[in-house]
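Residue-level structure breakdown
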Amino acid sequence: MAAVAVHFLHSRGPLDLGSPLAADFWGAVAAFVVDVIVTVAVSLATQPKPDHELRGLVWGLTETEDTTAEQDPAERVWWRRPGVLGGLALGLTALLYLIFVF
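Residues numbered from 1 in each chain as written. Predicted model: local features only at pLDDT ≥ 70, side-chain atom pairs only at ≥ 80, totals over all residues. Heavy atoms only, no water.

1. Observations concerning the overall build of the chain
Basically, it comes down to this: Think of it this way: any DSSP run of H or I at least four residues long counts as a helix, any run of E at least two long counts as a strand, and we number them from the N terminus. Per-residue accessibility, obtained with a 1.4 Å probe over protein chains only, is compared with the maximum for each type, and a residue is labelled buried under 20%, exposed over 50%, and partly exposed between these values. Whether two residues are in contact is decided by their heavy atoms, any of which lying within 4.5 Å being enough. Residue exposure ignores everything except the shown protein chains as possible cover, and the areas themselves are Shrake-Rupley values with a 1.4 Å probe.
Each helix and strand counted, the chain has 5 helices and 0 strands in total. Mapped from its N terminus to its C terminus, the chain presents α and β elements in the order α-α-α-α-α. When the 102 residues of the chain are sorted by exposure, 7% land in the buried category. Here the analysis covers contacts within the chain between residues at least 6 apart in sequence; of these, 19% occur between residues at least 24 apart. When the accessible surface of the chain is totalled, it reaches about 8800 Å², and 69% of it is carbon and sulfur.

2. Observations regarding the packing of aromatic side chains
Put simply, the test is: Stacked, edge-to-face and tilted are the three classes for Phe, Tyr and Trp ring pairs, Trp counted by its six-membered ring, which pair at centre distances within 6.5 Å; planes under 30 degrees apart are stacked, over 60 edge-to-face, the rest tilted.
Under the counting rule described, the total for this entry stands at 1 aromatic pair. Geometrically, the ring pair formed by phenylalanine 25 and tryptophan 26 is edge-to-face, given 5.4 Å between the ring centres and 75 degrees between the ring planes.

3. Section: the pattern of salt bridges
Let me state the cut-off plainly: A pair is scored as a salt bridge if a Lys or Arg side-chain nitrogen falls within 4 Å of a carboxyl oxygen belonging to Asp or Glu.
As enumerated under the stated definition, the model contains 1 salt bridge in all. Among the ionic pairs, lysine 49 bridges to glutamate 53, the shortest N-O distance being 3.6 Å. Exposure remark for lysine 49: the relative accessible area of 55% places this residue in the exposed category.

4. Describing the confidence of the model for the chain
Applicable threshold: Every residue carries a pLDDT, the predictor's confidence in it, which falls somewhere between 0 and 100.
Across the chain, the average pLDDT comes to 83, with 89% of residues at 70 or higher. Per-element confidence in the chain ranges from a low mean pLDDT of 52 for helix H4 (residues 65–69) to a high of 93 for helix H5 (residues 82–101).

5. Quick look at helix H1 (residues 2–12)
For the record, the criterion: Arc definition: it is the arc formed by the directions from the helix axis to the C-beta atoms.
Along H1, the residues classified as buried are Ala2, Val6 and His10. Within H1, the buried residues cover an arc of 65 degrees as seen down the axis, which keeps them to one side. In H1, the exposed residues that point more than 90 degrees away from the buried face are Val4, His7 and Arg12. In this structure, the buried residues of H1 make contact with helix H2 (20–45). Where H1 terminates, the next one or two residues include glycine 13, which has phi positive at roughly 110 degrees.

6. Looking at a nonpolar patch on the surface
Threshold: Nonpolar side chains (Val, Leu, Ile, Met, Phe, Trp, Tyr) are joined into patches within 5 Å and like charges within 9 Å, using only residues with over 30% relative accessible area and no salt bridge.
Taken together, the side chains of Trp78, Trp79, Val84, Leu85, Leu88, Leu92, Leu95, Leu96, Ile99 and Phe100 make up a nonpolar region of the molecular surface, amounting to roughly 1000 Å² of accessible area. Mapped onto the fold, tryptophan 78 is located in the loop between H4 and H5. Residue classification places tryptophan 78 among the partly exposed positions, given a relative accessible area of 48%.

Below, the structure written as C-alpha cells:
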C-alpha cells in the first residue's frame, strides 16, 4: 500500500520525485520501510511458537542422531535432506547460468 500511495501521489502531482524511475525507487523504499515496521510490530505482538512445534522446521532445533536412527527408513529419503536439496539447487543454478550466459 505504501508503494501504491507513493505512485498515486507522484502521478497526481502533490509529490514531485523527478523521473518515473525515481518515483518507482522511492515507492520500493517506502514499501520496504513499512514492511519492516509491520514485521517487527507483529513479531513483538505475537507469542513465539513452542520448541516442539518448530522441531525439524528450523536448523537450530534439528533432531539428534539418536532420534534420526529411530526414524522409519522411508522417512530418510533424499528430498527431505536439506544438504542434498541445497546442493541440487546450487547445481541447477550453475547449469542455468552456464546455459544462458555462454
